[in-house]
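# A closer look at the structure
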Amino acid sequence: MQILISAGEASGEMYGAQLIDALQRQLPTLRVGLDGSETRPQTGLSFFGAGGERMRTAGCDIVVDAKDLAVVGITEIFSHLPKIYRLFRRLIRAADEKKPSLAIVIDSPAFNWRVARQMRKRGVPVVYYVCPQFWAWRQGRVRLLRKYINRALVIFPFEEDFYRVHGVNATFVGHPLADLPAPDISRMHYAAQQALDHVKPWITLMPGSRRKEVRMNLPTILEAAAQLGQEYEFLLPVAHTLEPSFLKELIGSRDIHLVPEALPALHHSRAGIIASGTATVEAALMGTPFVMVYRVSPLTYALGKPRVKVSHFAMVNLIAGERIVPELVQHEFRAANVVAELRKIIPEGEPRTRMLQGLASVKAKLKKPGQDSRTASERAAEAIRGMLNPTAPAPKGAAAPEHWG
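## So, the pattern of salt bridges
According to the stated counting rule, one finds 12 salt bridges in the structure shown. Glu-261 is the salt-bridge partner of Arg-54, the closest N and O atoms lying 3.3 Å from each other. One end of the pair, Arg-54, is in helix α2 (residues 53–58); the other, Glu-261, is in the loop between β10 (257–259) and α10 (262–267), and 207 residues separate them in sequence. Given the relative accessible area of 22%, Arg-54 is considered partly exposed. Residues Glu-160 and Arg-164 are paired through a salt bridge, measuring 3.9 Å at the closest nitrogen-oxygen approach. Taken together, the residues span about one helical turn, with Glu-160 and Arg-164 both in helix α6 (residues 157–165) at a distance of 4 residues.

## With respect to the environment of Val-362
Following the sequence through the fold, Val-362 ends up in helix α15 (residues 350–365). Under the relative-accessibility criterion, Val-362 is labelled buried at 0%. Taking C-alpha positions, Val-362 is 9.6 Å from Gly-321, a pair spaced 41 residues apart along the chain. In this structure Val-362 touches Ala-284, Val-316, Ile-319, Ala-320 and Ile-324, once residues within four positions along its chain are discounted.

## A look at the pairing of strand β4 (residues 102–106)
Within β4, 5 of the 5 residues are buried, which leaves the element mostly enclosed by the surrounding structure. The two faces of β4 match: Leu-102, Ile-104 and Ile-106 on one face and Ala-103 and Val-105 on the other face are all buried. Looking at chain direction, strand β1 (residues 2–7) and β4 are connected through 5 bridges and run parallel. In the sheet register, Ala-7 faces β4, and the bridge partner there is Ile-106. Both β4 and strand β5 (residues 126–129) contribute to a ladder of 4 bridges, which runs parallel. Residue pairing across strands places Ala-103 opposite Val-126, the latter belonging to β5.

## Considering helix α4 (residues 109–121)
Because the α-helix completes a turn every 3.6 residues, residues three or four places apart line up on one side. Taking 1.5 Å per residue, 13 residues should reach 18 Å; α4 reaches 18 Å between its end C-alpha atoms and fits that length. Taken residue by residue, α4 has Phe-111, Asn-112, Trp-113, Val-115, Ala-116, Gln-118 and Met-119 as its buried positions. Where α4 is buried, its residues meet β1, α3 (81–98), β4, β5 and α5 (142–148). Immediately downstream of α4, the backbone of Gly-123 shows phi near 80 degrees, a positive value.

## As for helix α8 (residues 211–228)
For α8, spanning 18 residues, the distance from its first C-alpha to its last is 25 Å, which sits close to the expected 26 Å at 1.5 Å a residue. Residue Asn-217 marks the point of greatest curvature in α8, where the axis turns by about 35 degrees; the proline Pro-219 follows within four residues. Looking at α8, one finds that the buried residues are Glu-213, Val-214, Asn-217, Leu-218, Thr-220, Ile-221, Leu-222, Ala-224, Ala-225 and Leu-228. On its buried side, α8 packs onto β8 (202–206), β9 (233–237), α9 (244–251), β11 (271–275), β12 (290–294) and α14 (335–345). Positive phi shows up at Gly-229, right after α8, with a value of about 95 degrees.

Cut-offs and rules
Residues numbered from 1 in each chain as written. Predicted model: local features only at pLDDT ≥ 70, side-chain atom pairs only at ≥ 80, totals over all residues. Heavy atoms only, no water. Salt bridge = Lys/Arg side-chain N within 4 Å of Asp/Glu carboxyl O. Helix = DSSP H or I, 4+ residues; strand = E, 2+ residues; numbered from the N terminus. Buried < 20%, exposed > 50% of the residue type's maximum accessible area, 1.4 Å probe, protein only. Contact = heavy atoms within 4.5 Å. Pairing = 2+ DSSP bridges. Expected span 1.5 Å × (residues − 1). Bend = angle between axes of the 7 residues up to and from the residue.

Function cannot be inferred from these measures alone, as they are strictly geometric.
What follows is the structure, given as structure tokens:
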């Protein structure tokens, strides 16, 4: 049974890998050897699509590399359209050859709603996991989900009501990152591993996962780090969609430590400078106080700002319904402002305590309420399992699958 799965950037690619793993665990079929002996269970599922190394490791045949789809901004995307269209056609040709039983698209709406449209034209049911943030802007585009999606699996609690009100069959499954345990590596071990001074406070810098946004955000972040001075160690996790050489070129001779994973860096850091996006949720879940920053081209900002329908830019503030972390966007994103905000939350005191309490409340809201002990990926896989095989028994401890309309 072939399943198309399409994820266009670092966070979506990670969620895709988790979902593939959950599906493989929930849909085992026993393989019997020629001598009658039982061997390793196999799912009978075969995955192909758009993604990266994590999805490839999980067992997905990568037809389109997610790195090639990582484009940000309204105006910035135009120069990439020919390449993106070629990649899109490559994925659709692969689908025509493999004839999938189901398509799962993850985030990246500019690319994935077109994938969804082509799959629906071919009679392939479509699941949208990690839905586009149409509640934030361009709300009229919800009609695309109604038209091309069989079901939406959403990861923020307020999204279920929003999409259902707009006629989309949506279910809140919880946020995949909320289920991740805190890294078990100690600060001392991590310091030795990454050649860090364990005595100094650490600050994690996360300028984004796409080259264009890194070019827009990182210079000012580096300027803020320089103003903070040598009493801190600065860690910059390398997103899977970026090359270390690209970051080293921008960093130059500055004393910034490139590290392979975000969560250990955040877990052991005193604070962070975090670009708007999934990284802000990661920081919240690790309990790391931070300043949210973001910048796009002036034209993109001018075109996009009037369309924004929400009162906050930072995802943690949207989830909390109040301003928990400072938001420095566009002209307010200056090194002096970043440093001023960090100096409020780095030392012990009421501002830091208040932010930590707010981040803890966000983490609680991102988990599925009730007695359901499954992870978000397991709940998403259970919903998909119900579509692939509606008569199959639910895994032990799980609810019966819902019928797909």
